[in-house]
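Residues per chain, in single letters:
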Amino acid sequence: MVDDDLYFEDFEVGYVLESPSRTITEAEIIAFGNKFAPLPYHTDPEAATDTMFGGVVAAGLHTASITFGLFVESGVFNACGMGSPGHDSLRWLKPVRPGDTLHVRAEVTDALPPRKQGGRNLIKIRMEAINQDDETVMVMHTLHYVKSRP
């Protein structure tokens, strides 16, 4: 858990956050796959053995959701979060398999004050999902609105 009373002024370019880790289970991969990505390599361990992955893997958007969840669970936006206008990029580099343990390394790449008085501060963050073997499995560049310190 990080300091949970961060504000825009704390998000200097280069600020790095490391999240706690989480182990991904086959059951959660299959449940997400059945609900949101019904493909055999996300939902059927037997059929998945005949795919290019050789077994069940997490859907990419499942990995992105886990990554963002770990980042938010750190407490980083508890005091200052104001939503997000989206992502600039999202890349999956390696499949996430049952039993993988992920954590997030997030780095502030830009911190922009409001363009007009009373506007919102914008920070840009590069998030890496990293597995137990210290391999980066996913990278996303996200945008977030955050409050200034009161």
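In what follows, the structure referred to is the one given above.
Residues numbered from 1 in each chain as written. Predicted model: local features only at pLDDT ≥ 70, side-chain atom pairs only at ≥ 80, totals over all residues. Heavy atoms only, no water.

A separate point is helix α1 (residues 26–36). Within the span of α1, buried status applies to E28, I29, I30, F32 and G33. In this structure, the buried side of α1 is in contact with β2 (22–23), α2 (40–43), α3 (45–48) and α4 (60–73). (Buried < 20%, exposed > 50% of the residue type's maximum accessible area, 1.4 Å probe, protein only. Helix = DSSP H or I, 4+ residues; strand = E, 2+ residues; numbered from the N terminus. Contact = heavy atoms within 4.5 Å.)

For the rest of this paragraph, the subject is the pairing of strand β6 (residues 136–146). Summarising burial for β6: nine of the eleven residues are buried, a large majority. Summarising the sheet, strand β3 (residues 86–92) and β6 pair through six bridges and their orientation is antiparallel. Pairing of S89 across the sheet is with H141, part of β6. Direction of pairing for strand β5 (residues 121–130) relative to β6: antiparallel, over a ladder of ten bridges. By the bridge assignment for β6, K124 is matched with L143. Taking the residues that link successive antiparallel strands as the turn, the β5-β6 hairpin has five residues, and the phi of D134 there is positive, at about 65°. (Pairing = 2+ DSSP bridges.)

This part covers the packing of aromatic side chains. Scanning all chains against the criterion turns up six aromatic pairs. Geometrically, the ring pair formed by F68 and F71 is tilted, given 6.3 Å between the ring centres and 35° between the ring planes. With F68 and F71 both in helix α4, this residue pair falls three residues apart, about one helical turn. Classification of F68 as partly exposed rests on a relative accessible area of 32%. Each residue in the set F11, Y15, F68, F71 and F77 is aromatic and connected to the rest through ring pairs, giving one cluster. Above the ring of Y145, the side-chain terminus of R120 is found at 3.9 Å from the ring centroid. (Phe/Tyr/Trp six-rings, centres within 6.5 Å; stacked < 30°, edge-to-face > 60°. Lys NZ or Arg CZ within 6 Å of the ring centre and 35° of its normal.)

Another aspect to go through is the nonpolar core. The biggest cluster of nonpolar side chains holds 32 residues, and the ones touching the most others in it are F11, F71, F77 and I125. Taken together, the elements giving at least two residues each to this core come down to α1, α4, β4 (101–112), β5 and β6. Here I125 is in contact with F71, F77, A106, E107, V108, T109, M140, H141, T142 and H144, once residues within four sequence places are set aside. (Core = buried A, V, L, I, M, F, W, Y, C linked by side-chain atoms within 4.5 Å.)

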